[in-house]
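# Observations on the model geometry
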Amino acid sequence: MKKNFMAKVSLALLLSASVSGLTAGGTYRNPVINKSAPDPTIIRASDGNFYLYATENVHNVPIYRSADMVHWKFLGTAFTDATRPQWNPKGAIWAPDINYINGEYVLYYAKSVWGGEWTCGIGVATADKPEGPFTDRGCLFTSKEIGVQNSIDEFFIRDKGHNYLFWGSFRGIYGIELTDDGLKVKPGAEKKQVAGTFMEGTYIHKRGDYYYLFGSAGSCCEGLKSTYHVTYGRSKNLFGPYVDKQGRSLLENHYETLIHGNEQVAGPGHNAEFVTDDNGTDWITYHGFKRSDPGDGRVVWLDRVEWIDGWPHVVGNEPSSVAEKPVFNQIQLADPTIFADNGTYYLYGTSAPDGFKVYTSKNLRHWQVPAEAKNGLALKMGDSWGTKGFWAPQVFKRNNKYYMAYTANEQLAIAEADSPLGPFKQKKLAQLPAKTKEIDPFVFFDDDGKAYLYHVRLIDGNRIYVAELNKDFKSMKEKTAREVIHAGEGWENRGKAPWPVSEGPTVVKIDGTYYLFYSCNDFRSPDYAVGVATSKSPMGPFQKMKEPVISRRLIGANGTGHGDLFKDAQGNWEYVFHTHCSTTEPTPRKTAVVKLKLGHHGFEIVEGSFRYLRVQPEKAEE
């Protein structure tokens, strides 16, 4: 329940106080918000930040923001006294639930006074931005109207194209269908009970074939005497039946316990939505009292959720003190390329099904999604040729115009723009004429201004070709085309595949020598790696180095390959590329950079320079 245990916390104190749980290195310390923020709800917005809302121990519903789930900054409130919901005027706003529906941020909330179990109810408000301002859309229903005593603690879920709301507090947990906009109960919809009278704080998590119903049992708000604990059961259907590990029904008040109190925390419960980090790990956020200082109220804790035999598990079934941080904001572009222009680096790669994302940076470390790029895309399907398979872009500049060469539908195309942010377009949608499937373009300009198109042709394997490119960039001189690289034995084909792969060409000319970077093995293989070959002519023949310059043996990550060579502002050579997501999963691929140096024996890695690229939407919250 949502008893306002704490006195209202002053905004001035919140603005001046640290709410971070950060420690040195790669760990964090609980609690992550050290101010009372009961019944948290979390959403990750389009700007890459997380936004947390809570029961109004701060009047009018507090809002916090974080880039990493560990540093949290108090932003303000969802409402003001003027915009505050007016129905049930004496009621406090409890247990908000944030969602993004049809282009709007939709905040469900309960409004009640302590003990007002038949006058309380659930309302809804909307905003264009996660930080608000929110506009109240009124009351969905009260306890008396819906026929459910203590109608609070709502949770929204969209399932199989329909919107549903679940709610309840120690008088049964119920669900009902909402309208398509989520702002009203669907006419004719009937409520259905899914759990008994032991719980409140409903949250439903879909994973694999199961729906997991979480809630909290016990007393929420009695300081050190609080007995709150996080409970759960599962079902193969949204509306149940939900059961515990022994198959006993939650309707009959059986359940499993995920988190209970310990010597550090009293009354841990009412968790927010699970958040999955870039490594695929789930994280649970919830409130609880510090036993060392219960007067601070229900502060916010963060813990990792593991899945064992299809059931959720938190180590020790109790809150942690210090733990490894979640991993967020890793850029996940495959086949990446970096283009530098006027002091800004632009990063592109394979990612979106309908075009190419773009990120920008001034220093190669702090990357952002530029506001100028619509939906974060530099090229969008429909503006240029292609309907699927948008892969391996490369951007170059010629005569004050910017061009993007790319793959779509396993063919090549080139679009143009007035800015490296795009939008890259074609006046007439067309691919480069081809007699076979072609992918992975790279346009190289020699000292005499002649353009060469390095690319991959799918002919008895992925084979790298080069051809002169016509001046209008709309076709290549097919008579000049020749094969320059195909995968041989050894590191280039570890699995002895019948369809050998060589792809991802990048070319640079240094002191009269042409260096061709390329990748071999299937991208799903952990042995995907980058090799280098040299020639005295852009048309070859190219002489390969015996061993790869970038590989899992040298980097320590699987699937290292398909990138682009560039110079940083200090004149150092760097290579941007992708790796596998983890030791077991190749996708989504993560974007990384390593510095290279050119010695007597060719290019080699600068020790200690490997790093993954991350989005940092703002300066770290303080």
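Residues numbered from 1 in each chain as written. Predicted model: local features only at pLDDT ≥ 70, side-chain atom pairs only at ≥ 80, totals over all residues. Heavy atoms only, no water.

### A few points about the sheet that holds strand β36 (residues 502-510)
For clarity, the cut-off: For two strands to pair, DSSP has to find at least two bridges joining them. For helices the rule is a DSSP run of H or I covering at least 4 residues; for strands it is a run of E covering at least 2, with both sets numbered from the N terminus onward.
Spatially, β36-β37-β38-β39 is the arrangement adopted by the 4 strands of the open sheet, whose pairing is antiparallel. Bordering the open sheet on either side are β36 and β39 (543-544), each of which pairs with just one other strand.

### Focus: the side chain of Ser-384
Note the threshold: By the criterion applied in these results, polar contacts are pairs of N or O atoms within 3.5 Å in which, for protein atoms, one can donate a hydrogen and the other can accept it, and in which residues neighboring in sequence qualify only through two side-chain atoms. By definition in these notes, contact holds between two residues if any of their heavy atoms fall within 4.5 Å.
Here Ser-384 shows up in the loop between β28 (377-380) and β29 (391-398). Here the side chain of Ser-384 touches Tyr-406 through a polar contact of 2.7 Å, side chain to side chain. The residues contacting Ser-384, other than those within four sequence positions of it, are Leu-379, Tyr-406, Ala-415, Phe-424, Lys-425, Gln-426 and Leu-429.

### Remarks on unusual backbone geometry
Using the following cut-off: Burial classes follow relative accessibility: with a 1.4 Å probe on protein chains only, a residue under 20% of its type's maximum area counts as buried, one over 50% as exposed, and anything between as partly exposed.
Geometrically, the link from Gly-422 to Pro-423 is a cis peptide bond, its omega value of 0° lying close to zero. With respect to the helices and strands, the residue Pro-423 is situated in the loop between β31 (411-417) and β32 (438-445). A cis amide bond links Gly-540 with the next residue in sequence, Pro-541, at an omega value of 5°. Topologically, Pro-541 is positioned in the loop between β38 (529-535) and β39. Although it is not a glycine, Met-69 sits at a positive phi angle of roughly 75°. Following the sequence through the fold, Met-69 ends up in the loop between β4 (62-66) and β5 (73-77). The exposure class of Met-69 is buried, given its relative accessible area of 1%. Positive phi values are uncommon outside glycine, yet Asp-309 reaches one of about 55°. Relative to the helices and strands, Asp-309 is located in the loop between β21 (298-308) and β22 (311-313).

### Quick look at the sheet that holds strand β3 (residues 50-53)
Put simply, the rule reads: Each axis is a line fitted through C-alpha atoms, and for a helix only the stretch in contact is used; angles between axes span 0 to 180 degrees, taken between their N-to-C directions.
The 4 strands lie next to each other as β2-β3-β4-β5, forming an open sheet whose pairing is antiparallel. What marks the edges here is a single partner per strand, and that holds for β2 (41-44) and β5. The mean angle between the axes of side-by-side strands here comes to 25°, regardless of whether they run parallel or antiparallel. Here β2 pairs with β3 via 4 bridges, running antiparallel. Looking at the pairing, Arg-44 lines up with Phe-50 of β3.

### What to know about the nonpolar core
Stated formally: Nonpolar core, defined: a set of buried Ala, Val, Leu, Ile, Met, Phe, Trp, Tyr and Cys residues in which side-chain atoms within 4.5 Å join the residues together.
In this structure, Ile-204, Leu-213, Phe-214, Leu-238, Tyr-242, Leu-258 and Ile-284 are the most contacted members of the largest nonpolar core, which totals 33 residues. Broken down by element, the residue count for this core peaks at 5 residues, all from strand β15 (residues 210-217). Leaving out residues up to four positions away in the same chain, Phe-214 has contacts with Met-199, Gly-201, Thr-202, Tyr-203, His-205, Val-230, Thr-231, Tyr-232, Leu-258, Asn-271, Phe-274 and Pro-312. The next biggest cluster of nonpolar side chains, apart from the first, holds 22 residues, and it includes Ile-439, Val-456, Leu-458 and Ile-464.

### Observations concerning the pattern of salt bridges
Side chains that carry opposite charge are capable of pairing whenever their charged atoms lie near each other. This is how it is decided: By definition here, a salt bridge exists when the distance from a side-chain nitrogen of Lys or Arg to a carboxyl oxygen of Asp or Glu is within 4 Å.
Per the counting criterion, the structure on display carries 24 salt bridges. The partner of Arg-457 in a salt bridge is Glu-478, with the nearest N and O atoms 2.9 Å apart. A residue pair is termed long-range when its members are at least 10 positions apart, and Arg-457 in strand β33 (residues 451-458) and Glu-478 in the loop between β34 (462-468) and β35 (482-485) qualify at 21 residues. Of the charged contacts, one joins Arg-552 and Asp-527 as a salt bridge, the two residues approaching to 3.1 Å between their closest N and O atoms. A residue pair is termed long-range when its members are at least 10 positions apart, and Arg-552 in helix α3 (residues 552-555) and Asp-527 in the loop between β37 (513-520) and β38 qualify at 25 residues. Here Arg-552 falls in the partly exposed class, since its relative accessible area comes to 38%. Residue Asp-527 is classed as partly exposed on the basis of its relative accessible area of 22%. Linked by salt bridges that have partners in common, Lys-401, Glu-416 and Asp-418 make up one network.

### So, the confidence of the model for the protein chain
Detail in the predicted coordinates should be disregarded across regions flagged by low pLDDT. Selection rule: pLDDT is a per-residue confidence score from the predictor, ranging from 0 to 100.
Taken over all residues, the pLDDT of the protein chain has a mean of 93, while the share at 70 or more is 95%. Across residues 1-20, confidence stays below pLDDT 50; counting only partners more than four residues off in sequence or on other chains, it has 65 contacts. This stretch, residues 618-622, has a pLDDT under 50; its non-local contacts, to residues over four places away or in other chains, come to 8 contacts.

### Here we look at the state of the cysteines
The condition is simple: Cysteine sulfurs are considered disulfide-paired once they come within 2.5 Å of each other.
Taken as a whole, this structure holds 1 disulfide when the rule is applied. With its sulfur 1.9 Å from that of its partner, Cys-220 forms a disulfide with Cys-221. Torsion about the S-S bond of the Cys-220 and Cys-221 cystine: about -80°, corresponding to left-handed handedness. Comparing Cys-220 with Cys-221 shows no difference in burial state: the two are buried. Cys-139 takes part in no disulfide bond, and the closest cysteine sulfur, belonging to Cys-120, lies 9.6 Å away.

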